[in-house]
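# Structural description and commentary
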Amino acid sequence: MGSLFILGAEGPTEFVDIAGWFLENAWIIPALPAISFVIILFFGKKLPYKGAEIGITAVGLAFILSVLTAGQWMNQVDNAHGSEGGHGEEAALVLVDDDIELASAEADSEAAAFFAEEGEEGHSVVGRNAVVERFTWWENGGVEFKVGIMVDGLTVMMLFVVTLISLLVHIYSTDYVDGDRRYTHYFAFLSLFTASMLFFVLSENVLQMIVGWELVGVCSFALIGHWWEEKPNSDAALKAFLTNRVGDMGLLIGMIILFWSANSWSIIDINEAAIGHDIGHTTLFIASLCLTAAVMSKSGQFVLHTWLPDAMAGPTPVSALIHAATMVVAGIYMVARLYGVFWEGYSIAGSSFNILALVGSVTLVGAGLLAFVQDDIKKVLAYSTVSQLGYMCMALGVGAWTAAVFHLFTHAFFKAGLFLGAGSVSHSVHSFDMKTHMGGMRKFMPKTFATFMICTIALMGLPPLAGFWSKDEILVGTGGWGFFGGTSANGSYTFALVMGIIGAALTCAYMTRVIYLTFFGEWRGAEHMHHDDHGDGHDDDHGHAHEPHESGPRILIPLYILSFMAIVAGFFNLPPGFITGSEEGWQERFFHYVEPVSSYFPAIKHGVPSYSLAIFATIVALLGAFASYYYFFVRVNRQSPAATELANGLTSTNKVARAGHTVLKEKYYLDHLYTDIIAGGTKGPVADAAYWTNQNVIDETVNQVGRTAVSTATFVYETIDQKLVDGAVNLSGSASEGLGEVSRSALQRGKVQQYAAIMFIAATVIAGLLMVFI
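On a predicted model such as this, the values are computed, not experimentally measured, just so you know.

Rules behind the numbers
- Residues numbered from 1 in each chain as written.
- Predicted model: local features only at pLDDT ≥ 70, side-chain atom pairs only at ≥ 80, totals over all residues.
- Heavy atoms only, no water.
- Helix = DSSP H or I, 4+ residues; strand = E, 2+ residues; numbered from the N terminus.
- Buried < 20%, exposed > 50% of the residue type's maximum accessible area, 1.4 Å probe, protein only.
- Contact = heavy atoms within 4.5 Å.
- Areas by Shrake-Rupley, 256 points an atom, 1.4 Å probe, with all protein chains shown as cover.
- Phe/Tyr/Trp six-rings, centres within 6.5 Å; stacked < 30°, edge-to-face > 60°.
- Lys NZ or Arg CZ within 6 Å of the ring centre and 35° of its normal.
- Expected span 1.5 Å × (residues − 1).
- Pairing = 2+ DSSP bridges.
- Axes fitted to C-alpha atoms, helices over the stretch in contact; angles between N-to-C directions.
- Parallel < 35°, antiparallel > 145°, perpendicular 65-115°, else oblique.
- Nonpolar A, V, L, I, M, F, W, Y, C, P; charged D, E, K, R; others polar.
- Core = buried A, V, L, I, M, F, W, Y, C linked by side-chain atoms within 4.5 Å.
- Patch = residues over 30% accessible without salt bridge, like charges linked within 9 Å, V, L, I, M, F, W, Y side chains within 5 Å.
- Salt bridge = Lys/Arg side-chain N within 4 Å of Asp/Glu carboxyl O.
- Polar contact = N/O pair within 3.5 Å; in protein donor to acceptor, adjacent residues only side chain to side chain.
- Left-handed = near helix turned anticlockwise from the far one by under 90°.
- pLDDT = per-residue confidence, 0-100.

This brings us to the overall build of the protein. In terms of regular secondary structure, the protein is built from 28 helices and six strands. For the protein, with 774 residues in total, the buried portion stands at 53%. Considering only contacts within the protein whose residues lie at least 6 apart along the sequence, 78% involve residues at least 24 apart. Here the protein displays about 32100 Å² of accessible surface, and carbon together with sulfur accounts for 65% of that area.

Let's shift gears to the packing of aromatic side chains. A complete count under the given rule lists 35 aromatic pairs for this structure. Between the aromatic rings of Tyr629 and Phe633, the centroid separation amounts to 4.6 Å while the plane-to-plane angle is 15°, which identifies the pairing as stacked. Taken together, the positions of Tyr629 and Phe633, both in helix H25 (residues 611–639) and four residues apart, correspond to about one turn of that helix. The partly exposed category is assigned to Tyr629, whose relative accessible area is 42%. Following the ring pairs from residue to residue traces out a cluster consisting of Phe449, Phe452, Tyr516, Phe519, Phe520, Tyr629, Tyr631, Phe632 and Phe633. Arg245 extends its terminal NZ or CZ atom over the ring of Phe241, reaching a point 4.4 Å from the ring centre.

What follows concerns helix H23 (residues 553–568). Here H23 is 16 residues long and its end C-alpha atoms lie 22 Å apart, about the 22 Å a rise of 1.5 Å per residue gives. For H23, the set of buried residues is Ile555, Leu556, Pro558, Leu559, Leu562, Ser563, Met565, Ala566 and Val568. Of the surrounding secondary structure, the elements contacted by the buried residues of H23 are helix H5 (153–176), helix H17 (401–429), helix H20 (446–460) and helix H21 (466–477).

Another point: the pairing of strand S5 (residues 131–140). Note: S5 against strand S6 (residues 143–151), nine bridges, orientation antiparallel. The partner of Arg134 across the bridge, within S6, is Gly148. Between S5 and S6, which pair antiparallel in sequence order, lie two residues; one of them, Gly141, sits at a positive phi of approximately 60°.

Look at helix H13 (residues 329–337) against helix H16 (residues 377–398): their axes get within 10 Å of each other, and the N-to-C directions meet at 10°. Overall, the two elements H13 and H16 adopt an arrangement that is roughly parallel. Residue-level contacts link Val329, Ile332, Val335 and Ala336 of H13 to Leu389, Met392, Cys393 and Leu396 of H16. Taken together, the residues of the contact of H13 with H16 break down into eight nonpolar, no polar and no charged.

Before going further, it helps to spend a moment on the nonpolar core. Most often, soluble globular proteins have nonpolar side chains that are buried together. One finds Met157, Met158, Ile165, Met334 and Trp401 to be the most contacted residues of the largest nonpolar core, which totals 200 residues. Per-element accounting of this core gives the leading share, 17 residues, to H17. Discounting residues that sit within four places of it in the chain, Met334 has contacts with Phe200, Met209, Trp213, Leu251, Met255, Leu291, Ala294, Val295 and Phe342. In this structure, Ile501, Ala505, Leu613 and Val620 belong to the second largest nonpolar core, which totals eight residues.

This brings us to a nonpolar patch on the surface. A contiguous nonpolar surface patch, about 560 Å² in accessible area, is contributed by Ile35, Val38, Ile39, Leu41, Phe42 and Phe43. Residue position: Ile39 is located in helix H2 (residues 28–43).

Applying the stated criterion across every chain yields a total of twelve salt bridges. Across the pair Lys231 and Asp235 runs a salt bridge whose closest N-O atoms are separated by 2.8 Å. Pair noted here: Lys231 and Asp235 are both in helix H8 (residues 231–262), with a separation of four residues, about one helical turn. When its relative accessible area of 33% is taken as the criterion, Asp235 is described as partly exposed. With a shortest N-O distance of 2.4 Å, Asp248 and Arg245 are connected by a salt bridge. On the criterion of helical spacing, the pair formed by Asp248 and Arg245 is a turn pair, its members being three residues apart in helix H8. A relative accessible area of 4% places Asp248 in the buried class. Here the salt bridges do not stand alone but share partners, grouping Arg181, Arg182 and Glu229 into one network.

So, on to helix H7 (residues 206–224). With 19 residues, H7 should reach 27 Å at 1.5 Å per residue; the first-to-last C-alpha distance of 26 Å fits that figure. For H7, the N-terminal cap is Asn205; the gap from its side-chain oxygen to the backbone nitrogen of Leu207 is 3.0 Å.

The next subject is the environment of Val132. Position of Val132 relative to the elements: it lies in strand S5. The sequence separation of Val132 and Leu202 amounts to 70 residues, and the corresponding C-alpha distance is 9.7 Å.

With that settled, the discussion passes to the packing of H17 against H23. Direction vectors running N to C along H17 and H23 enclose 150°, while the axes themselves pass 9 Å from each other. Our classification of the angle between H17 and H23 gives roughly antiparallel. The crossing of H17 and H23 is left-handed. From H17, Phe413, Phe414, Ala416, Gly417, Leu420, Gly421, Ser424 and His427 reach across to H23, where they touch Ile555, Pro558, Leu559, Leu562, Met565 and Ala566. In terms of residue class, the contact of H17 with H23 is built from ten nonpolar, four polar and no charged.

Turning next to the confidence of the model for the protein. Segments scoring low in pLDDT should not have their predicted coordinates read at a detailed level. Summarising the model, the protein shows a mean pLDDT of 82, and 82% of its residues fall at 70 or more. Confidence drops under a pLDDT of 50 for residues 531–535, and excluding neighbours within four residues, the segment shows 23 contacts in the predicted structure. In the model, residues 641–647 has pLDDT below 50 throughout and makes 21 contacts with residues more than four positions away in sequence or in other chains.

Here we come to unusual backbone geometry. Cis geometry marks the peptide bond from Phe302 to Val303, where omega comes out at 10°. Position of Val303 relative to the elements: it lies in the loop between helix H10 (281–298) and helix H11 (307–310). Going from Pro463 to Pro464, the amide bond is cis rather than trans, its omega being 5°. If you trace the backbone, Pro464 turns up in the loop between H20 and H21.

With that settled, consider the side chain of Ser426. With respect to the secondary-structure elements, Ser426 resides in helix H17. The class for Ser426 is buried, based on a relative accessible area of 0%. A polar side-chain atom of Ser426 sits 3.5 Å from a polar atom in the side chain of Tyr176.

Bringing the side chain of Asn244 into the picture now. Secondary-structure assignment places Asn244 in helix H8. For Asn244, a relative accessible area of 1% translates into the label buried. Not counting residues up to four positions away in its chain, the partners in contact with Asn244 are Ser297, Lys298, Trp307 and Met327.

The following block contains the structure:
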């Protein structure tokens with residue numbers, strides 16, 4: 001256990017034990033689902049519940065530890081705030097221990113001045129530094145490569161969100177995928193998915209972040225393609241995997257640039273180097289651009305968002321986990337964690353435009369428009385997620401860090417509730433098509449309808465539910481139009497403000513359409529009904545139509561919990577002075593506990609809430625809802641409430657409307673651009689060139705080598721072997737035969753005297769030789 005010290009003019013002074021066990025040992029949280037993955041994978045099929053019980057237990061324990069860790073962090077902040085008295089001394093926290101340290105608060109003069117200013121306004125300046133535990137992994141060239149954990153307000157918030165959503169998804173899945181052909185495999189990868197995201201948010205350095213980033217990508221690939229036997233599902237998994245590889249090039253390049261610039265992989269060191277101007281602005285700008293490309297792919301921002309709606313091919317609980325707490329929020333978390341880099345790289349303070357804010361603004365409106373023309377309820381929610389992630393990117397781009405992270409927090413609950421609610425409906429009607437298989441579902445599923453309505457109102461950003469508070473804070477953070485009574489925050493991002501208000505109206509409009517098509521009118525599914533016990537849209541049998549029915553408790557209980565959070569989550573960050581006129585109590589609790597005040601975080605300003613802006617944005621949103629309500633609940637319902645093809649609108653009478661509708665149905669032709677023109681235009685010529693090279697270069701080379709070998713062998717055989725070698729052998733044989741014949745004819749005549757003479761001559765020669773040499 002370490003101790004808290006205050007650095008002051010008199011030197012360090014110990015005042016309280018603060019490094020609690022849960023903060024020090026937060027690494028256990030991702031370890032639990034990681035271990036459960038191994039157990040389920042190898043032993044799950046032998047267990048009574050096929051491994052589901054192991055996954056639920058592990059994630060449940062991880063959730064409990066996350067809550068305890070968050071509580072200890074909040075206690076740390078409150079203790080430091082209480083001892084400081086809320087008045088500004090240039091103080092910093094240092095936690096002394098062999099393994100634990102608090103992030104250095106030796107900020108530059110600008111940040112130190114900001115701390116003092118914030119203290120004068122009654123905000124805590126201590127207790128928000130990250131608790132870091134790390135050890136040296138290896139060393140090379142004098143550079144130490146460390147691994148460890150980093151725990152601060154952002155971390156504990158994400159631990160709570162990820163574990164809670166994952167636990168509810170695990171419980172929900174026991175009913176939803178019951179009897180699935182790969183039930184054990186599903187729960188194994190659900191645990192690994194959770195462990196990967198928890199590892200990612202606890203990362204102390206960017207190397208660990210890269211590992212966690214890729215792990216969540218691999219898990220999403222496996223779960224999106226869970227029913228890989230059907231080609232659309234495997235294509236969707238591949239599309240998600242390959243599209244994210246495009247953005248990952250930016251991630252790797254950006255991280256390498258930051259490493260060589262800061263000479264460290266540490267998140268804290270990189271942020272401090274960026275904020276302290278130890279890294280050049282051009283370098284930071286290039287690194288920010290590269291990392292933005294990674295965010296565009298991982299978090300589904302235009303123009304790399306195309307994989308996200310197709311990812312609905314996976315089981316619905318997986319969609320909820322991806323969209324609410326894991327895969328797609330990884331990009332938002334990365335920007336929030338490396339905010340010093342983006343803050344300085346994009347010169348967010350005092351500006352009115354940057355790439356991150358532009359990407360988010362365009363995405364939130366563009367995706368909202370695409371949601372209008374979807375008949376698949378999950379794809380509507382998918383485009384809704386893309387739009388809401390656009391809000392978060394835009395908020396980070398305009399300097400509204402707390403608003404972006406708070407919207408991530410609230411969005412997790414109501415978006416998970418919407419996906420699981422859609423799954424509840426599809427589990428009953430065995431389809432996701434709102435036009436052909438749904439309608440009038442409130443009569444059959446009143447409990448699902450109630451939870452879906454609560455989460456929808458939260459998504460619409462209507463008071464007093466969660467989405468209203470986080471969305472309004474983002475609009476305030478843009479510092480857009482002064483006549484709304486708010487004060488400029490970190491810049492004047494008028495374009496972002498306009499797009500944010502338009503996005504709010506679009507959200508209300510397309511969700512009103514979803515409510516009507518799904519829950520009102522008459523049920524249109526009887527004539528199209530198929531039998532699918534898994535609610536995945538895949539027919540297991542045919543000809544067994546039955547009326548929809550309410551889901552069981554394992555599906556409904558998670559919906560109740562998420563609906564409750566969609567109601568109350570917004571109250572964790574009420575604006576200062578709201579209702580009571582006092583800044584004490586529940587006002588800005590989220591900001592108090594989550595936003596860092598340390599040298600690794602820039603000195604951002606916070607816009608003053610504007611009630612006139614909130615009222616105006618709410619009125620615009622309600623106009624969007626009213627327009628959609630009038631069209632569907634009045635015009636369409638009056639014409640043909642039970643029709644499969646619901647009303648002929650402007651698209652049948654107006655050419656411009658028809659053209660716009662076509663563009664939206666074709667998803668801005670981006671899939672056509674990527675698949676047919678870029679991929680198709682590339683793979684065709686490349687395939688032709690490869691075939692030509694194979695036939696005319698590789699095969700021709702091999703054939704030429706073969707022909708040369710045959711010619712050489714023929715020459716060797718006919719010339720050297722047959723004529724030279726065999727000729728020489730035959731000649732020697734002929735010579736020997738001729739000599740033998742001559743000798744035989746000359747010497748072998750049968751005369752004894754001749755033989756005696758030869759022997760005498762031979763004996764004489766031998767005797768002479770002996771006389772000479774002996």
